[in-house]
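Letter by letter, the chains look like this.
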Amino acid sequence: MLLTQIPQDFPVRRHRLMAAHPSAVFVLPAHPHWIRNSDVHHPYRQDSCFYYLTGFDEPKSCVVLVPSQTGSDRMILFVQPKDSEKEIWEGERYGVEGAKKVFQADEAYPIEELGSKLPELFLGAEEVFYRMGFSAEMDQIVLTALESQRSRQGRTGRSLLSVQDPRGPVGELRLYKSLEELIALRRACQISALAHRRVMQEVRPGMREFEVEALVDYICRKEGCQRLGYGSIVANGKNAACLHYHSHRDVLREGELLLMDAGGEYNYYTADITRTFPVGRHFSKVQAQMYDWVLKAQKEAIAMARPGVTLPEIHQRVVEVMIEGFLCLGLLEGSPQEIYKRKQFRRFYPHSTSHWLGMDVHDSGLYMKNGQPRPLEPGMVFTIEPGFYVQPSDFEVPREYQNIGIRIEDDVLITKTGCEILTQGVPKERDEIEQLRA
Ligand SMILES: [Mn+2]
């Protein structure tokens, strides 16, 4: 079903971007539609930066943002033209007219005309934002246009065009979530929390990991998510020690823990939640001990999240708590300072604690600014996800600790005074989880 109108957020974002770069031209192609085999494609999802600026979700298109001397920047959309024959197969298109009428493009052309129109659009610009290496075909079009423009512009005394990655400036905008974005993100988080909760209630020994994967996918979509924001991780027992585990063919066994990392995507914004719970009714004693250290680290990290603090500071505190846990359980020996300095904690906690979250699960935005970790500011959203993993190959660990991987992950929004946990709706206290499992 085609839209007849889109929200005003999109033009507002474009104006903000162009106001920050008044002599730049932005060229952002749509995400390629990857082929799975022969003429069958993978499901399509628009590139996040492209969507953020346009709201346009068709493949084989390109947006060009052009400054103007009068101060009113222009959007030119290159799109797939209407084609009744092709639309029978691929679905209805907006076409050139729809690009102008619905998406408020100042001009729109068939995508085939990009190469011939681009040189004139570069006229008067001082820099071009284009992601070099996007695709051989697109690189060729942009490079040819740049070269033709450079050869003309050289004699005018104007600077030659430099090329930069648009994900820098667009990512900077995306890092601070607007009220409209937060509505979508909150919804994604609520739905995903509900899905985690239900999965926690429904999982039974003997189910397959991919069955659980289908269940979380179903609940998220049933509740209004268009898709999941990333490939879920559903890992029983020792599989949880593999951080990006995806084969999902194993069977859930009584007595082991299930780690599920999954998040629904709502209107292009995704949640990112991990919970670890017993496949049976209860945590074993060792599982509970390990779980409590992860939970303690996670809570301390959340308590630290407020404006001015940095992600490395939060990570450091998490690592300190986890080292205390590894020492307490007798899994490591020595002084905490030495273990920290030699990074020996990485044997059981090999990843970092946080990443930005938004349209992409690992969202855009620089982690460092002027060579320093950037202080958190209101509007930033990120994950807090400490873990504790015993690798199956780590035979030096006592037997009862083997085959266990635990992670607890929530999403937080930095507010003026602290943070708001967006994924409150899913329990992480052991007794609450065991209640659901009963
Ligand atoms: Mn995550």
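Residues numbered from 1 in each chain as written. Predicted model: local features only at pLDDT ≥ 70, side-chain atom pairs only at ≥ 80, totals over all residues. Heavy atoms only, no water.

## Here's the deal with the nonpolar core
Formed by 76 residues in total, the largest nonpolar core has its most connected members in V199, M290, M322, F382 and F388. Broken down by element, the residue count for this core peaks at 10 residues, all from helix α10 (residues 285-304). M322 has contacts with W293, V294, A297, Y349, G387 and F388, leaving out every residue within four places of it along the chain. Within the second largest apolar cluster, 45 residues are counted, among which are L65, A99, A105 and L413. (Core = buried A, V, L, I, M, F, W, Y, C linked by side-chain atoms within 4.5 Å. Buried < 20%, exposed > 50% of the residue type's maximum accessible area, 1.4 Å probe, protein only. Helix = DSSP H or I, 4+ residues; strand = E, 2+ residues; numbered from the N terminus. Contact = heavy atoms within 4.5 Å.)

## Quick notes on α10
Here α10 spans 29 Å end to end across 20 residues, near enough to the 28 Å set by a 1.5 Å rise per residue. Three or more residues of α10 are buried, namely V286, Q287, A288, M290, Y291, W293, V294, L295, A297, Q298, A301 and I302. (Expected span 1.5 Å × (residues − 1).)

## With respect to the pattern of salt bridges
Within the structure shown, the criterion is met by 31 salt bridges. With a shortest N-O distance of 2.7 Å, D165 and R167 are connected by a salt bridge. As a salt-bridge pair, R221 and D217 come within 2.5 Å of each other at their nearest N and O atoms. Here D217 and R221 lie together in helix α9 (residues 209-222), a separation of 4 residues that amounts to about one turn. Assessed through its relative accessible area of 23%, D217 is described here as partly exposed. (Salt bridge = Lys/Arg side-chain N within 4 Å of Asp/Glu carboxyl O.)

## A short note on the domain arrangement of the chain
You can read the domains of the chain as domain 1 (9-173) and domain 2 (176-437). Measuring from the centre of the C-alpha atoms in domain 1 to the corresponding centre in domain 2 gives 37 Å. If you look at the interface, domain 1 gives 12 residues, while domain 2 gives 13 residues. In total, about 1,100 Å² of surface goes out of reach between domain 1 and domain 2, with carbon and sulfur atoms giving 46% of it. At the junction of domain 1 with domain 2, the criterion picks out 4 salt bridges. K369 is the partner of E172 in a salt bridge, and the nearest nitrogen-oxygen pair spans 3.6 Å. (Domains from an automatic or database assignment. Buried area = accessible area lost by both parts, 1.4 Å probe.)

## Here we look at unusual backbone geometry
With the exception of glycine, most residues fall at negative phi, and the peptide bonds are largely trans. Positioned with a positive phi, N267 is a non-glycine residue whose angle comes to about 45 degrees. Counting through the fold element by element, N267 comes out in the loop between β12 (264-266) and β13 (269-270). With a phi close to 50 degrees, N370 is a non-glycine residue in the positive phi region. Take N370: it is sitting in the loop between β15 (368-369) and β16 (372-373). Judged by relative accessible area, N370 falls into the exposed class, the value being 78%.

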